[in-house]
Amino acid sequence: MYAGALRSGRIARSEVATAPCLIDFALLHPDPDDPDWLRPVPPSAALAKHLHPLEREILERRRRSVLLAESFEPFMDISAQDPPTTHAITVLEGANRINAALDLATAECRTEVLTVQPGGGRSEDRLSEALERGLAVVDRGVRLRTLYQHTVRHSPSTLAYAELIADENVEIRTLEELIERLIIFDRTVAFIPATNDRQIALELRHTGLVEYLATVFEQLWNRAAPLLEEVKYTSTPRGITGVQRSIAQLLVEGHVDDSIARRLGMNVRTCRAHVAKLNATLGSNSRAQLGYLIAQSGILDQQ
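What this report covers is the structure whose coordinates are included nearby. (Residues numbered from 1 in each chain as written. Predicted model: local features only at pLDDT ≥ 70, side-chain atom pairs only at ≥ 80, totals over all residues. Heavy atoms only, no water.)

Digging into the overall build of the protein chain
To keep it simple, the criterion reads: Only DSSP runs of H or I reaching four residues or more are called helices, and only runs of E reaching two or more are called strands; each is numbered from the N terminus. For this measure, only C-alpha atoms enter the radius of gyration; the expected value for a globule follows 2.2 Å times N^0.38, where N is the number of residues. Whether two residues are in contact is decided by their heavy atoms: any pair within 4.5 Å suffices. Here the accessible surface of atoms and residues is derived via Shrake-Rupley with a 1.4 Å probe, and residues count as covered only by protein chains that are part of the display.
Counting secondary structure elements, the protein chain contains 11 helices and 11 strands. Taking 19 Å as the expected radius of gyration for a compact globule of 303 residues, we find that the protein chain reaches 32 Å, considerably beyond that expectation. Referenced to the eigenvectors of the C-alpha coordinate spread, the extents of the protein chain come out at roughly 105 × 60 × 40 Å. Once local pairs closer than 6 in sequence are excluded, the contacts in the protein chain between residues at least 24 apart make up 68%. For the protein chain, the exposed area adds up to about 18600 Å²; of that, 55% sits on carbon and sulfur atoms.

Written out as structure tokens, the structure reads:
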């Protein structure tokens, strides 16, 4: 409409009723000779009108930046006298800051990434994000070792992720029970969650802390089974599976269904189905009786 008004020199007010922004943005103004018509403001004049406030703002921000630099200059001289220090523990709040720190560590990684990913199957968004980061290091020849829980063996999306990232430098193993999430880059920086909702994380660069976590990882790794190999459980005379034996152990220790499901990386419904199978197999009618029968059955004595 503005272009048409420029070509013809004016435009009927009725034509722009559906586009009041033309007047609000000062591209058209009333025709002094005929109130039913509007005349276009020259583009150069309209542009200048809208650029002037922006230019004033830019000048003000430049002035503030100079003042800030001058204010911090004395502190720069003080810090220059001491050698730079590395923060041993940095608190990262919010997903954006956490992801930015992970992206930086991924870009700087040169030799090895160790990850612990507890829980069951993951959403496509989280797996896509993991795939992008994983390929970024694997393509540079960096070794990637990941620990999942046994429950991911029944997750098509996780198995598809494993197939996409497959490489001679990539190893994935699973374990029945894992510690919380852990990522270690080059054994120099580690990331762990600080809250259950994982909206706050800790970036660890203390040599002792990182080495301790790497040792924990290695211990778990040595007990884990490769993803593409069958998990070998010792069978029981009563036909109780390895997962059910693990649930039985946690029941005896006093854990409730929610806690057991979280520790074994399964949903609560699946956990309760296994508990029901234990009840039926051992002939239990209550949770208290089940604990007693588990202890009496000797299934926890088998390795």
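A few points about the sheet that holds strand E3 (residues 37-40)
Threshold: For two strands to pair, DSSP has to find at least two bridges joining them.
Pairing in this open sheet of three strands is antiparallel, and the strands run E1-E3-E2 from one edge to the other. Edge positions in the open sheet fall to strand E1 (11-12) and strand E2 (28-30), since each of these has one partner strand only. Bridge count for E2 against E3 is three bridges, and the pairing is antiparallel. Within E3, the position partnered with histidine 29 by the bridge is arginine 39.

A short note on the pattern of salt bridges
Under the convention used in this document: Within this document, salt bridges are pairs made up of a side-chain nitrogen of Lys or Arg and a carboxyl oxygen of Asp or Glu, the two lying within 4 Å of each other. Three labels apply to residues, based on accessible area from a 1.4 Å probe with only protein chains included: buried if under 20% of the type maximum, exposed if over 50%, partly exposed otherwise in between.
With the rule as written, the count across this model stands at 12 salt bridges. Here arginine 61 ties to glutamate 57 by a salt bridge, and the two come within 3.3 Å at their closest N and O atoms. Here arginine 61 pairs with glutamate 57, and both are found in helix H3 (residues 43-79), just four residues apart, close to one helical turn. Look at glutamate 57 and you get partly exposed, because its relative accessible area is 39%.

Examining the layout of surface pockets
The test is simple: Only protein atoms enter the 1 Å grid used here, on which a cavity is any set of points holding a 1.4 Å probe that cannot leave and a pocket is any open set flanked by protein within 12 Å on both sides along at least five of seven lines; residues with an atom within 4 Å of a point are listed as lining. Grid points are joined across faces, edges and corners, and a volume is the space filled by probe spheres set on the points.
Here the largest pocket is characterised by a volume of approximately 610 Å³. If you list the elements that add at least two residues to the lining of the largest pocket, you get helix H4 (95-108), strand E5 (112-116), helix H5 (124-138), strand E6 (143-149), strand E8 (182-185), strand E9 (189-193) and strand E10 (200-204). For the lining of the largest pocket, the element with the highest residue contribution is H5, accounting for seven residues.

Examining the sheet that holds E6
Taken together, eight strands build an open sheet; the order of strands is E4-E10-E9-E8-E5-E6-E7-E11 and the sheet is mixed. Looking at the sheet topology across the chains shown, the edges are occupied by strand E4 (89-93) and strand E11 (225-226). When E5 meets E8, the two strands line up antiparallel, connected through four bridges. Note that in E8 the partner of leucine 114 across the bridge is isoleucine 184.

Re the packing of aromatic side chains
Selection criterion: Whether two aromatic rings pair depends on their centres lying within 6.5 Å, for rings of Phe, Tyr and Trp, where Trp uses its six-membered ring; planes under 30 degrees apart make the pair stacked, over 60 edge-to-face, and the rest tilted. Any Lys NZ or Arg CZ that is within 6 Å of a ring centre and within 35 degrees of that ring's normal is treated as a charge sitting over the ring.
Per the stated rule, a full pass over the model turns up three aromatic pairs. Their ring planes at 85 degrees and their centres at 6.0 Å tell us that phenylalanine 185 and phenylalanine 191 sit as a pair that is edge-to-face. Comparing phenylalanine 185 with phenylalanine 191, the two get one shared label, buried. On the numbers, 5.7 Å between centres and 20 degrees between planes, the contact of phenylalanine 217 with tryptophan 221 is stacked. Taken together, the residues phenylalanine 217 and tryptophan 221, both in helix H7 (residues 207-223) and four residues apart, mark about one turn of the helix. In terms of burial, phenylalanine 217 and tryptophan 221 fall into one category: buried. Positioned above the aromatic ring of tryptophan 37 is the side chain of arginine 10, whose terminal nitrogen or guanidinium carbon lies 3.8 Å from the ring centre. A cation over a ring is seen here: arginine 145 above tryptophan 221, with NZ or CZ 5.1 Å from the ring centre.

Re the pairing of E4
Residues of E4 alternate between two faces, with Thr90 and Leu92 buried on one and Ile89, Val91 and Glu93 left unburied on the opposite face. Of the pairings in the sheet, the one linking E4 to E10 comprises five bridges and is antiparallel in character. Paired with isoleucine 89 across the two strands is leucine 204, which belongs to E10.

With respect to the packing of helix H9 (residues 257-264) against helix H10 (residues 268-282)
Spelled out, the test is: A fitted line through C-alpha atoms serves as each axis, taken over the contacting stretch for helices, and the angle formed by two N-to-C directions is quoted from 0 to 180°. These descriptions rest on fixed angle ranges, namely under 35 degrees for roughly parallel, over 145 for roughly antiparallel, 65 to 115 for roughly perpendicular, and the rest for oblique. Side-chain classes are defined by residue name, with Ala, Val, Leu, Ile, Met, Phe, Trp, Tyr, Cys and Pro counting as nonpolar, Asp, Glu, Lys and Arg as charged, and the others, Gly among them, as polar.
One can describe the packing of H9 onto H10 by two numbers: an axis separation of 9 Å at closest approach and a directional angle of 110 degrees. Comparing the axis directions of H9 and H10 gives the class roughly perpendicular. Residues Asp257, Asp258, Ile260 and Ala261 of H9 pack against Val268, Cys271, Arg272 and Val275 of H10. Split into classes, the residues belonging to the contact of H9 with H10 amount to five nonpolar, no polar and three charged.

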